[in-house]
Amino acid sequence: MEAPRIEYDVDGLLEANLAADPVDQFTHWFDEAVQADLPEANMMTLATVDALGMPDARVVLLKEHGPDGFVFYTNYGSTKAEQLAAHPYATLVFHWEPLHRQVRILGAVEKVDPEQSDTYFASRPRGSQLAARASRQSIPVANRHVLRERYEEEDQRWAGADVPRPDDWGGYRLIPGRFEFWQGQVNRMHDRIRFTPGEGGWFYERLSP
Ligand SMILES: Cc1cc2nc3c(=O)[nH]c(=O)nc-3n(C[C@H](O)[C@H](O)[C@H](O)COP(=O)(O)O)c2cc1C
């Protein structure tokens, strides 16, 4: 069955309305996605490359963003972490429907300070904290029962106490080196604006759709 053709009959992305700083432009669109009640506006595809140059991608959640970069949290022993150790660069892709918007952000990636990871970990629900301790993300596990047992062990171990962040869990920050904002338009005449670093600030140009 063929997918329906969607006509993107919404306002365009015009240079006159563009923020000078792409982080501000992102924040503007992100806030609109949140206001539009999208189920998870902070959901993004994180693309990485492994040691042999093979691309990989998965969805993670954006937890913080600003002039310092774009932060997500994960396991430091996971496949993505191995890939980031081999090539500390990544791309983030957001796709917001029904706003017909896509944002791509490319950049270098570094681990956030342990204190920042501690603060975020402490803010998570206890169940998520226990799961982070119980799961060796991306490592094969015999069955779900084994995983459940590890979770119960952690639960008992930290009964009545704060669950500490495991050393192998924390944040990464992507420091943007390029942005692209895509706004779907009628007749596939989409708007694409790319920001790259220029002299004394960010420089933007319109790309053909
Ligand atoms: C909606 C959604 C949100 C997710 N958020 C995260 C996240 O914030 N951090 C994370 O490590 N994995 C998250 N995952 C799981 C990842 O997609 C992935 O399965 C996991 O991180 C292992 O990836 P890796 O083996 O490439 O390291 C999320 C998955 C989905 C579908």
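Residues numbered from 1 in each chain as written. Predicted model: local features only at pLDDT ≥ 70, side-chain atom pairs only at ≥ 80, totals over all residues.

## A few points about the overall build of the protein chain
Okay, step 1: Check the secondary structure of the protein chain and you find five helices and nine strands.
Okay, step 2: Ordering the α and β elements of the protein chain from the N terminus gives α-β-β-β-β-α-β-β-α-α-α-β-β-β.
Okay, step 3: Counting every position in the protein chain, which comprises 209 residues, the buried fraction comes to 23%.
Okay, step 4: Taking the intrachain contacts of the protein chain between residues at least 6 apart in sequence as the baseline, contacts between residues at least 24 apart amount to 60%. (Helix = DSSP H or I, 4+ residues; strand = E, 2+ residues; numbered from the N terminus. Buried ≥ 20, exposed ≤ 12 C-beta atoms within 10 Å, placed from the backbone. Contact = placed C-beta atoms within 7 Å.)

## Focus on the environment of Val59
Okay, step 1: By the element assignment, Val59 lies in strand β2 (residues 55-61).
Okay, step 2: As a C-alpha pair, Val59 and Leu207 span 148 residues in sequence and 26 Å in three-dimensional space.
Okay, step 3: Among residues more than four places away in sequence, those in contact with Val59 are Met43, Met44 and Thr45.

## Focus on the pairing of strand β5 (residues 89-96)
Okay, step 1: As defined by bridge partners, strand β1 (residues 43-49) adjoins β5 across three bridges and the pair is classed as antiparallel. Across the sheet, Ala47 pairs through a bridge with Thr91, a residue of β5.
Okay, step 2: Connecting β5 to the antiparallel partner strand β6 (residues 101-111) that follows it, the hairpin turn spans four residues, and His100 within it adopts a positive phi of roughly 55°. (Pairing = 2+ DSSP bridges.)

## Details of the packing of helix α4 (residues 126-134) against helix α5 (residues 144-157)
Okay, step 1: Contact geometry for α4 and α5: axes closest at 9 Å, N-to-C directions at 120°. Between α4 and α5, the interaxial angle falls into the category oblique. Judged by the sense of rotation from one axis to the other, the crossing of α4 with α5 is right-handed. Contacts from Leu130, Ala131, Arg133 and Ala134 of α4 reach α5 at Leu147, Arg150, Tyr151, Glu154 and Asp155.
Okay, step 2: The class makeup of the residues in the contact of α4 with α5 is five nonpolar, no polar and four charged. (Axes fitted to C-alpha atoms, helices over the stretch in contact; angles between N-to-C directions. Parallel < 35°, antiparallel > 145°, perpendicular 65-115°, else oblique. Left-handed = near helix turned anticlockwise from the far one by under 90°. Nonpolar A, V, L, I, M, F, W, Y, C, P; charged D, E, K, R; others polar.)

## Some words on the environment of Trp202
Okay, step 1: Within the secondary structure, Trp202 sits in strand β9 (residues 201-206).
Okay, step 2: A residue is classified by how many C-beta atoms lie within 10 Å of it, and Trp202, with 18 of them, is partly exposed.
Okay, step 3: Remark: the alpha-carbon pair of Trp202 and Asp21, spanning 181 residues in sequence, is separated by 6.5 Å.
Okay, step 4: Ignoring sequence-local partners within four residues, the contact set of Trp202 consists of Ala20, Asp21, Pro22, Phe195 and Pro197.

## Some remarks on the site of the ligand
Okay, step 1: Neighbouring the ligand are 15 residues; Thr74, Ser78, Thr79, Lys80 and Ser138 lie closest to it.
Okay, step 2: Elements supplying a minimum of two residues to the shell around the ligand: β2, β4 (69-75) and α2 (79-86).
Okay, step 3: The residue inventory of the shell around the ligand, partitioned by class, reads six nonpolar, six polar and three charged. (Near = placed C-beta within 6 Å.)

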